Amino acid sequence: MALTQYYTATSIDGFIADEHNSLDWLFEVTERDDRFGPFLAGVGAFAMGATTYEWVLQQEKLLDQPEKWQQWYGDRPSWVFTHRDLPVIPGADLTFVSGDVRPVHAAMTAAAGGRNLWLVGGGELVGAFADAGLLDEIIIGIAPATLGAGAPLLPRRLTSSRLTLTAAEQAGPFAYLTYRVS
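These figures come from a predicted structure and were not determined experimentally.

Conventions used here
- Within any chain, residue numbers begin from 1 and follow the written order of that chain's sequence.
- Where local features are concerned, this predicted model is filtered to residues with pLDDT of at least 70; where side-chain atom pairs are given and counted, the filter is 80 or more; whole-chain, interface and lining totals use all residues.
- With hydrogens and water stripped out, all remaining heavy atoms of the structure feed into the side-chain values.
- Exposed residues in this analysis have more than 50% of their type's maximum accessible area, buried residues have under 20%, and partly exposed residues fall in between, with area computed by a 1.4 Å probe over protein chains only.
- Secondary structure elements are defined from DSSP: runs of H or I of at least 4 residues count as helices, runs of E of at least 2 residues count as strands, and each element is numbered from the N terminus.
- Regarding the arc, it is the one traced by the directions from the helix axis to the C-beta atoms.
- Contacts were defined at the residue level, with two residues in contact if any of their heavy atoms lie within 4.5 Å.
- Every case where a carboxyl oxygen of Asp or Glu lies within 4 Å of a side-chain nitrogen of Lys or Arg is listed as a salt bridge.
- Two strands are said to pair when DSSP picks up at least two bridges between them.
- Note on geometry: axes are lines fitted to C-alpha atoms, helical ones only across the stretch in contact, with angles between N-to-C directions running from 0 to 180 degrees.
- Stacked, edge-to-face and tilted are the three classes for Phe, Tyr and Trp ring pairs, Trp counted by its six-membered ring, which pair at centre distances within 6.5 Å; planes under 30 degrees apart are stacked, over 60 edge-to-face, the rest tilted.

Caption draft 1: Quick peek at helix α5 (residues 101–111). For α5, the set of buried residues is Val101, Val104, His105 and Met108. Relative to the axis of α5, the buried residues are bounded by an arc of 105 degrees and lie together on one face. Opposite the buried face of α5, at more than 90 degrees from it, the exposed residues are Pro103 and Ala110. The elements touched by buried residues of α5 are β1 (4–10), β3 (43–49), β4 (78–81), β5 (94–97), β6 (116–121) and α6 (123–131).

Now the structure itself:
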């Protein structure tokens, strides 16, 4: 059965981006493992918020080098939640949406062909999926950094009655925790 998964990295103090919505802090960690490749192989569709999309767009200069999107995500359909007009990456299968996550989740599930759905972030978007009962799993890589402020991992209250730890692993300097959400 396909899962709706929030797979992300966080600082030790629970932020996924710094106060400038940057992920530069994460790329300072030079030792990496290859967990993302096998994870992405199981993904059939994904969604992200406008801030995440804009950061990737600008950071990687995707309007000038759109082939990078294909190299990373292939032909997977993706949805971007936004309330404004954003530039489209040439060749990317992008749908810009706003509002209720439930019809988007249904469209993503249909497009994913039985594979998992990835909620890239940010935390507020993932929280909307959790509020609608559409989040199955949280996979977090805890990076060896503290930020003190920024975008929180998940700005929602999910108590231990809804979260079950299913895996805890070390990979280099990262600690990976996987929780089933009920």
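Next comes the rest of the account.
Caption draft 2: Spotlight on the pattern of salt bridges. Applying the stated rule across the entire model yields six salt bridges. The shortest N-O distance in the salt bridge between Arg84 and Glu54 comes to 2.5 Å. On the criterion of sequence distance, the pair formed by Arg84 in the loop between β4 and β5 and Glu54 in helix α3 (residues 50–59) is long-range, its members being 30 residues apart. Take Arg84: its relative accessible area is 43%, and that puts it in the partly exposed class. Assessed through its relative accessible area of 23%, Glu54 is described here as partly exposed. For Glu124, the salt bridge identified is with Arg156, shortest N-O distance 2.9 Å. With Glu124 in helix α6 and Arg156 in the loop between β8 (151–152) and β9 (163–171), the pair connects residues that are 32 residues apart, well separated along the chain.

Caption draft 3: A look at the side chain of Thr10. Tracing the chain through its elements places Thr10 in strand β1. A residue is classified by how much of its surface remains accessible, and Thr10, at 2% relative accessible area, is buried. Beyond its immediate sequence surroundings of up to four residues, Thr10 is in contact with Phe15, Ile16, Trp25, Ile140, Gly141, Ile142, Ala143 and Leu153.

Caption draft 4: Structural detail: unusual backbone geometry. Across the junction of Gly121 and Gly122, the peptide omega takes the value 5 degrees, indicating a cis bond. Here Gly122 is to be found in the loop between β6 and α6. Unlike most non-glycine residues, Asn21 shows phi in positive territory, near 60 degrees. Take Asn21: it is sitting in the loop between β2 (15–17) and α1 (24–27).

Caption draft 5: Looking closely at the sheet that holds β6. As summarised here, the arrangement of the eight strands in space is β5-β4-β3-β6-β1-β7-β10-β9, forming an open sheet in which the pairing is mixed. Only two strands of the sheet have a single neighbouring strand rather than two, namely β5 and β9. Strand-to-strand twist in this sheet, taken as the mean axis angle between neighbours without regard to direction, amounts to 20 degrees. Where β3 lies against β4, four bridges are found, and the strand directions are parallel. Across the sheet, residue Gly49 finds its bridge partner in β4, namely Phe81. Across the sheet, α3 is in contact with β3, β4, β5 and β6; its angle to β3 comes to roughly 100 degrees. Across the face of the sheet, α5 comes into contact with β1, β3, β4, β5 and β6 while running at roughly 165 degrees to β4.

Caption draft 6: Representation of the pairing of β1 within the structure. Burial within β1 is extensive, with seven of its seven residues counted as buried. Side-chain alternation along β1 places Thr4, Tyr6, Thr8 and Thr10 on one buried face and Gln5, Tyr7 and Ala9 on a second face that is also buried. As defined by bridge partners, β1 adjoins β6 across three bridges and the pair is classed as parallel. Its bridge partner being in β6, Gln5 is matched across the sheet by Trp118.

Caption draft 7: Local environment of the packing of aromatic side chains. In total, this model carries 16 aromatic pairs according to the counting rule given. Both rings, one in Phe36 and one in Phe39, keep their centres 6.4 Å apart while their planes meet at 35 degrees; by these two values the pair is tilted. With Phe36 and Phe39 both in helix α2 (residues 36–41), this residue pair falls three residues apart, about one helical turn. Taking relative accessible area as the criterion, Phe36 reaches 31% and is therefore assigned partly exposed. Phe39 sits in the buried class, given a relative accessible area of 11%. Measuring from centroid to centroid gives 5.7 Å for Phe39 and Trp118, while their planes differ by 80 degrees, and the two rings are edge-to-face. In this pair, Phe39 sits in helix α2 while Trp118 sits in strand β6, placing the two residues 79 residues apart along the sequence.

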